[in-house]
Amino acid sequence: MRIWCLLCFGEEEHKIIDTMSEKSEEIGHFEELGFESLVNSRNEDDLRSKSTNEDVNLNLSLGGESSGSSGAIERGGLDRDSHSKRHKAQSTALDSGSFIQAATLQGSMSFSLIDTEYERTHDNSGNYGCLVSDDDRSPVEEDMDDREIRMDLTDDLLHMVFSFLDQISLCGAAKVCRQWRTASAHEDFWRVLNFENRNISPQQFEDMCHRYPNATQVNINGSPAIHTLVMQTISSLRNLESLTLGKGQLGETFFQALTDCTMLKSLIVTDAMLGNGIQEIPIHHDSLRHIQIVKCRVVRISVRCPQLQTLSLKRSSMAHAVLNCPLLRDLDIASCHKLLDAAIRSAVTSCPLLESLDVSNCSCVSDETLREISISCTNLHVLNASYCPNISLESVRLTMLTVLKLHSCEGITSASMAAISHSYMLEVLELDNCSLLTSVFLDLPRLQHIRLVHCRKFVDLSLRSAVLSSIKVSNCPALQRINIVSNSLQKLALHKQESLTSLELQCQGLEEVDLTDCESLTNSICDVFSDGSGCPMLKSLILDNCESLTAVKFSSNSLTSLSLAGCRAITSIELTCPYLEQVSLAGCDHLERAIFSPVGLRSLNLGICPKLNALKIKAPSMVLLELKGCGVISEAFINCPLLTSLDASFCSQLKDNCLSATTASCPLIESLILMSCPSIGSDGLLSLRRLKNLTSLDLSYTFLTNLQPVFASCPQLKVLKLQACKYLTDTSLEPLYKDAALPTLRELDLSYGTLCQASIEELLACCTHLTHVSLNGCVNMHDLNWSFSADWAYLSPVGSNQPQRFLQNLNCVGCPNIKKVLISSVARFSNLSSLNISLSAYLKEVDVACINLCFLNLSNCSSLEILKLDCPRLTSLFLQSCNISEEAVESAISECNMLETLDVRFCQKIISTGMGRLRTACPSLKRIFS
C-alpha cells in the first residue's frame, strides 16, 4: 500500500518561499531572453545553501519528489533502496484547487504556493494531511498515478540528447526538473551566445559572460547599447573566436580593444556607425581571418591584419580604404559608391594573393584600374564587375580568370570579346543586359556556363568549348545565328528568339532542345537534328509555335519526343524515327499529308487535323489511333499489328478498300468506331471477319440498309451502336431475335431510329441476353407495356417458363409518344437497375415493379399524373419539372424503403412545406431537392 504525503510548511519554510519569490521577481526580465531557467538554477543554488538540512518539496514543474528522502513510503516500511534509484518526474497539472499549478514552458516559473492549496494541506492541528492509497484512495490520487512519468536517464545520455537542441529548447528543458536544469546549463551547450535582436541589459549580459567564460561565439546584433555589451564581451571572454554585432554606434575604443581578443578569428559588423563619422577607424589584429563590415557608415577605414583571408566592405559609405593584408584571398567592395577609382586601385593592388574580387556597382571603376589589378593580382580567379559603366576590358588581360560577371556593363561590346578570349581558364561568363553587345565569338577550352539575357542588339553567337554544359540565351530579339560546338552540352533552351533563322550545332551529348516561339526558324532546322548531323544523342525536341515551318521531315534513330504544337503553317510531316514515343500536333490544323514510318508510338491523335487527306503509318507498337474529324482523308495506309482501338469518326471519304486493307494489317482491333462514315458499305463490313477480337462496333449515322454483313462477320460483338441509322427497315434486326445472331451482344443502341413499336417489343422480349439498351428519341415507340398480356403471349408465354432477362439499363429519353410505362413483376426483369424515361412530354402513367431497380429518372415528364412504384431497392428518384401531385409522390415512395435521393424541383404541385410529409412517408430519405 502506497501513501502520498502532502507537506505543510511552518513559519521558517514560508520565509524560504518568500525569499524564492523575491528572487523570481529579480530574474523576471530574463524570460523574454529565453535564459530564465539558467538564472533560476543559480538562484536555487543560493537558497539551498541557506537550508542545508531542510528538504522542502515544492512540487515545481514536473518534479514530484524531493532530491532527499522519498515522499512516498510503503505501509510495511521505508524503501531502503530509494537513495540509489533515480528520481521520478511526476506531472502535477491537476484540476483547480489541487496541489500546485504546473509551470509551462512558455511562461515563467512560479515559486509560491496557492493559498487555497496551502490551507487544504493543513488541518486545524497543523499536522500533515495524508492520502492512503487503498480503499481510501481519492480521485486526485488516481489522477496523479495516471499522470506519473517515469524517467531513468543518466547524465551522459542526457548530455548527448541535449547536444541536439538549440538554446531556446534548452531553456525550455531547464524547466522540467533539477536534473534537466543542471544538464542544460553545461558549458558545452553555451559556447555560442546568441542575443540577436534581444532586449538584454548590460547587467544580464555580464552575468551570462561570467557564467560561461569559455564561450567562443557571441552575437549581439540588434541588441541595445551594443558598444557597452561588446566591451564587456572583450573584457570577459578571452576565448572568443567569432563576434557579430550591429545596428548601433561603435566607438573607436572598441576597435582599439580588439587586440585583447587574441583568439578572435571572425568579426561581423552590420548596419552600424563606426566612430564619430570623422576620424579613421583602425582594425589591427594579428589573428583575424574573416571581416565583414557591411552597410556601415564610416569615412575612412584602415585594415592591418596579417592573417586576414576574406574581407567584405559591401554597401559601406567609406571614401577611402587602406589595406595591409598580405594573405587576403577574397575582397568584396560591392556598392561602395563613394570609393573613388584611385582608392579602389590602391586597396586592391596591395593584396597580391587576391583570388576573388567583387567591385559590382562601383561606378568609378575604370579599365586602367582593372589593368593594374591584373598585373598585381596574378592569382585573381573571380571578378564581378557588374553595373560598372566605365569598363570595356578592351585593354585588360585577365588570363587566370575562371568566373567573370559583367551584368549591365554599357561599355561591353564585341571588341571586348577579344580581350575575354585571352582568359583561357574562364569557366563562367555572364553578359546579361549588355545593351551594346552585338556578337560573341569565343573559343575557350574550359568554358562551362554562359548567360546572355536581354541583350537588345545581340545578333550572332559562336561558341566552341568541349566542356560547355549550360547556355542561357533569352529575350535577345535581334539574335539571328547560333553556332555551338560542345561535347558536354545536354540541354539547350532558346525561348522567344523571334529573329533566329540559323542554328548550327555540333554537340555530341545534346539530349534536349527547346526552341519554343522561335518564329523565324525555317524547314532547314530539320537537317540540324536528323541523323548525320551534329546531335546524334538528341531525345527531345520542342518546336512549339514555330510558325514559319511548312514541311517537317526528321530521320533520327535517337529521337523519342517531338512537339510541333501551334505550328499552323505545317502542311506536310514525315517522320522516320523508330524510337519516337510521343508526338504532339495540337494546332496543326493545316496538315494535309502525314507519314509516320516507322515510329515507336503507342498512341496517336490526328483528329485535330481536319485537312488531312493522305496518311501512312507504320508503328509496330501502336495500340490506339484516333482519326476523328479527318473529314477529307481518302488515302490511309495503316500498318499497326498491335492496334486494338481505331476511331475513324466523321471520316466521310473513307472507302471500303481502305477499311479492308486496315483490317488485314491490324488483326487485333477490338474497338472500331465508324460513326458518320457514309462511304462504308457491305464490302467494307464483310472485311471485319478478319477481326477475331472485335467486340465493339459503332455504325451510327451511316446509310446502312442491311445489317447482314455485320451479323455474318462479327459473331463475337458485345457492343453495337446504330444511332440515327434511318435507312434500317423494321426487319433489319430480325436476325437478332429470330435467328439468334450475335449471341454475345450485351449493349445495343438504337437511338433516334425509325423502328416500329412491334419490332422494338419483339427485340426486348426475345433478346434476353442484352444488358444495356438505348432507345432515345424513337418517335415510333408508344408504350412500354411489359405486363406480358396476350400481345406478348406468342413471344414469351406467362408462367414458370418465362425466361430470365439480363437487362440492367434501359434509356428511353425524349420519346415523345410514350404515354404509359407498365413493368410488372411477372416480366422477369429482375436485373433492371436503371430506367431513364425523361423528356417524355406525353407520359401520364408509370407503374413499375422491379425488385433491383436503383435509379429512375422521370424528369421533364410534364403530363405525369400516376406513379406507382414497387421497387424496394430504389435509391434515386428524379421527378424534376413534373406536374404530379404531392399525394401521388407520397404514395409512390412509401414502399421504397431504401430511397435516399428525391428530386422534385420545379414541380408546381409540390410545395416546400410538404417536405416533412415526404420524409415521414419515406424515413430513409437523405436528400430532397425542391
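Fair warning: this is a prediction, and the values are worked out from it, not measured in the lab.

Trainee: Just checking my understanding: could you explain the overall build of the chain for this structure?
Mentor: Broken down by element type, the chain carries 22 helices and 55 strands. Within the chain, the fraction of its 930 residues that count as buried is 48%. For the chain, contacts bridging at least 24 residues in sequence account for 45% of all contacts bridging at least 6. Put simply, the chain shows about 41,200 Å² of open surface, and 49% of that area lies on carbon and sulfur atoms.

Trainee: Teacher, can you tell me more about a nonpolar patch on the surface here?
Mentor: Among the surface-exposed residues, Leu157, Met160, Val161 and Phe164 lie close enough to one another that they form a single nonpolar patch of about 420 Å² accessible area. Counting through the fold element by element, Val161 comes out in helix H5 (residues 155–162). Residue classification places Val161 among the partly exposed positions, given a relative accessible area of 40%.

Trainee: Can you walk me through a positive patch on the surface in this structure?
Mentor: On the surface, Lys247, Lys295, Lys314 and Arg315 cluster together into a patch of positive charge. As for its position among the elements, Arg315 is in the loop between strand E15 (310–312) and strand E16 (320–324). Residue classification places Arg315 among the partly exposed residues on the basis of a relative accessible area of 47%.

Trainee: Hey, could you run me through the environment of Ala551 in this one?
Mentor: Here Ala551 lies in strand E31 (residues 551–555). It is 5.9 Å that separates the C-alpha atoms of Ala551 and Ile573, two residues lying 22 residues apart in sequence.

Trainee: Quick question: what am I supposed to make of the environment of Ile542 here?
Mentor: By secondary structure assignment, the location of Ile542 is in strand E30 (residues 540–542). Ignoring sequence-local partners within four residues, the contact set of Ile542 consists of Val513, Asp514, Leu515, Thr516 and Ser563.

Trainee: Any chance you could explain the sheet that holds strand E37 (residues 614–618) here in plain terms?
Mentor: What holds strands together in a sheet is hydrogen bonding between their backbones, with the strands either parallel or antiparallel. Read across the open sheet, the 5 strands follow the order E31-E33-E35-E37-E39; overall the sheet is parallel. Sheet topology places E31 and strand E39 (635–639) at the edges, where each strand pairs with a single neighbour. Taking the axes of each pair of neighbouring strands and ignoring which way they run, one obtains an average angle of 5 degrees across the sheet. Bridging between E37 and E39 involves 5 bridges; their strand directions are parallel. Within E39, the residue paired with Lys618 across the bridge is Asn639.

Trainee: Please explain the sheet that holds strand E24 (residues 460–464) as it appears in this structure.
Mentor: If you walk across this open sheet you meet the 4 strands as E22-E24-E26-E28, and the pairing is parallel. Where the open sheet ends on each side, the last strands, each with one partner, are strand E22 (439–443) and strand E28 (502–507). Between one strand axis and the next, the sheet turns by 5 degrees as a mean value, whatever way the strands run. Where strand E26 (residues 481–486) and E28 come together, 6 bridges link them in parallel fashion. For Ser486, the partnering residue across the bridge sits in E28 and is Cys507.

Trainee: Explain the packing of helix H8 (residues 202–211) against helix H9 (residues 226–236) here, please?
Mentor: Axes are the key here: two packed helices are described by the angle between their axes and the distance separating the axes. Two elements in contact, H8 and H9, have axes whose closest approach is 10 Å; the angle formed by their N-to-C orientations is 20 degrees. If you check the angle between H8 and H9, you find them roughly parallel. In this structure, H8 meets H9 at a crossing whose hand is right-handed. Contacts between H8 and H9 involve Pro202, Phe205, Glu206, Cys209 and His210 from the first element and Thr228, Leu229, Gln232, Thr233 and Ser236 from the second.

Trainee: Can you help me understand the packing of aromatic side chains in this one?
Mentor: On inspection of all chains with the given rule, the structure shows 7 aromatic pairs. Between Phe195 and Phe205, the ring centres sit 5.6 Å apart and the planes meet at 75 degrees, which makes this aromatic pair edge-to-face. Of the two residues, Phe195 sits in the loop between strand E6 (192–194) and H8 while Phe205 sits in helix H8, which places them 10 residues apart along the sequence. You can call Phe195 buried: its relative accessible area is 0%. The buried category is assigned to Phe205, whose relative accessible area is 0%. Every member of this aromatic cluster is reached through a ring pair, and the members are Phe162, Trp180 and Phe189. Its end group placed over the ring of Phe829, Arg805 keeps NZ or CZ at 5.5 Å from the ring centre.

Procedures and definitions
- Residues numbered from 1 in each chain as written.
- Predicted model: local features only at pLDDT ≥ 70, side-chain atom pairs only at ≥ 80, totals over all residues.
- Heavy atoms only, no water.
- Helix = DSSP H or I, 4+ residues; strand = E, 2+ residues; numbered from the N terminus.
- Buried < 20%, exposed > 50% of the residue type's maximum accessible area, 1.4 Å probe, protein only.
- Contact = heavy atoms within 4.5 Å.
- Areas by Shrake-Rupley, 256 points an atom, 1.4 Å probe, with all protein chains shown as cover.
- Patch = residues over 30% accessible without salt bridge, like charges linked within 9 Å, V, L, I, M, F, W, Y side chains within 5 Å.
- Salt bridge = Lys/Arg side-chain N within 4 Å of Asp/Glu carboxyl O.
- Lys, Arg positive; Asp, Glu negative; His and termini not counted.
- Charge placed at Lys NZ, Arg CZ, Asp CG, Glu CD.
- Pairing = 2+ DSSP bridges.
- Axes fitted to C-alpha atoms, helices over the stretch in contact; angles between N-to-C directions.
- Parallel < 35°, antiparallel > 145°, perpendicular 65-115°, else oblique.
- Left-handed = near helix turned anticlockwise from the far one by under 90°.
- Phe/Tyr/Trp six-rings, centres within 6.5 Å; stacked < 30°, edge-to-face > 60°.
- Lys NZ or Arg CZ within 6 Å of the ring centre and 35° of its normal.

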